[in-house]
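Residue strings, one per chain:
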Amino acid sequence: MTDTRDKIVNIDAAGDIILVVGPEKLRLRVRSLFLKAASKLSGTILGPYWKEGHDILGTGLPVEIVLPEENATALRCICAILHHQIKLLPQIMAVNDVLRVAVTANKFGVVDALTFASQFWLYPLNRGANDLIVLAAAASLFKNAQAFRDITKALVLNYGDSYLALLSEDIMPILGERVFCLLEEQRGFARLKLGEILIKGINALACVHRCGWTSKYAFAYMKLLEAQDLWPTSLFVVAEAIERANMMPDPIPEESSAQCRYGYKHFVPEYRKSFRYGLDDLTSRIGICLHCFHSNQAGPAFCQTAHEHQNLPDQY
Ligand SMILES: [Zn+2]
Ligand SMILES: [Zn+2]
């Protein structure tokens, strides 16, 4: 561990407080007014007994408040944001640091003040499942319903393995086991629905005359689904299967059909176009609602009433 006891990070060089944080004793010079103004709790970062005027103690020197149990990286980030010192934030935040900030902010009642900054940290793009579940826990603490939905959506659509492999001691107290049931339920729904959309393509064309054109195309289509790993039992990673469906060529029957006087009506259906509505509808429904997750302990994986997926109000 680096010894930082002589180093002061001047978040506010004229601050009246020095927070001495964590076992490494990182010293953060801050202004008590900013910390108090941001918190919704009486027991703020300054402690429950802090009073205005007891800060300077007549010495003109800042007062030290020792917080040995807190995480130094998290409190440094939080104080930087509360003092509008965005340049003191790391350019890239590791997901575990995002979670530490969320835990600390939640404990000190300053979550609302971090809403804007946390939106950048919670962005799920190009994240693996192990990172996503940590971000989901952070989004839950930040009460960011849109981020929670986007992150859990990525976990449902982009991940094909067991959710139990993502269990960890850090996230269990925050999300509990229930989140894994909901993710599994949504992924099961997504796989079934995708299978249904693809299988429906068999009936996408019909000539009612006995020319055999319909059945030969339907057979070619079924063979194509198998060849493209789009058979219902092959849809492990939903987003990858959707990608394969969007790239799928048109089926080509192996045998030609009999002469048909309505042959001029034999149009090959636009399979990819016909999938589009169903696939868009499917993906728009995926993602766990933070309102339902926080309020309904035994609820289903999808909202029963419409919810705006924005930040949760304070009562959650
Ligand atoms: Zn026909
Ligand atoms: Zn809901």
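Everything below is about the structure printed above this text.
Just so you know, these numbers come straight off a predicted model, no measurement behind them.

Rules of the game
Residues numbered from 1 in each chain as written. Chains lettered and ligands numbered in written order. Predicted model: local features only at pLDDT ≥ 70, side-chain atom pairs only at ≥ 80, totals over all residues. Heavy atoms only, no water. Helix = DSSP H or I, 4+ residues; strand = E, 2+ residues; numbered from the N terminus. Buried < 20%, exposed > 50% of the residue type's maximum accessible area, 1.4 Å probe, protein only. Contact = heavy atoms within 4.5 Å. Areas by Shrake-Rupley, 256 points an atom, 1.4 Å probe, with all protein chains shown as cover. Salt bridge = Lys/Arg side-chain N within 4 Å of Asp/Glu carboxyl O. Pairing = 2+ DSSP bridges. Polar contact = N/O pair within 3.5 Å; in protein donor to acceptor, adjacent residues only side chain to side chain.

Chemist: Residue-level account of the overall build of the protein chain, with values.
Modeler: When helices and strands are tallied, the protein chain shows 12 helices and 4 strands. Taken across its 316 residues, the protein chain has 45% of its residues classed as buried. Counting only contacts in the protein chain whose residues sit at least 6 apart along the sequence, the fraction spanning at least 24 positions is 66%. Only carbon and sulfur atoms are counted for the fraction: they give 53% of the accessible area of the protein chain, which is about 17,200 Å².

Chemist: Explain the pattern of salt bridges to me, and be specific about the residues and the numbers.
Modeler: For the structure shown, the criterion picks out 11 salt bridges. Here D97 makes a salt bridge to R100, at a shortest N to O gap of 2.8 Å. Linking D97 with R100, this pair stays in helix 3 (residues 95–107), spanning 3 residues, or about one helical turn. D281 serves as the salt-bridge partner of R285, at 3.8 Å between the closest nitrogen and oxygen. Highlighted residues: R285 and D281, both in helix 11 (residues 271–285), separated by 4 residues, approximately one helical turn. The exposure class of R285 is partly exposed, given its relative accessible area of 37%.

Chemist: Report on the pairing of strand 3 (residues 26–30), specifying residues and quantitative values.
Modeler: The two faces of a sheet get side chains in turn, since along a regular strand they alternate between them. With 4 of 5 residues buried, strand 3 is to be regarded as a mostly interior element. As judged from the 3 bridges shared by strand 1 (residues 8–10) and strand 3, these two strands associate in the parallel manner. Among the inter-strand pairings, V9 is bridged to a residue of strand 3, identified as L28. Across 5 bridges, strand 2 (residues 17–21) lies against strand 3 in antiparallel orientation. Of the residues in strand 3, the one forming a bridge with V20 is R27.

Chemist: Lay out helix 2 (residues 72–82) in plain terms, naming residues and giving numbers.
Modeler: Most of helix 2 is tucked away: 9 of the 11 residues are buried. When we look at burial in helix 2, the residues that qualify are A72, A74, L75, C77, I78, C79, A80, I81 and L82. Where helix 2 is buried, its residues contact strand 2, strand 3, helix 1 (32–38), strand 4 (63–67), helix 3 and helix 4 (115–121). Structurally, the start of helix 2 carries an N-cap: the backbone nitrogen of T73 is 3.1 Å from a side-chain oxygen of N71. Remark: H84 follows helix 2 within two positions and exhibits a positive phi of approximately 60 degrees.

The quantities given are spatial measurements derived from coordinates; they are silent on function.
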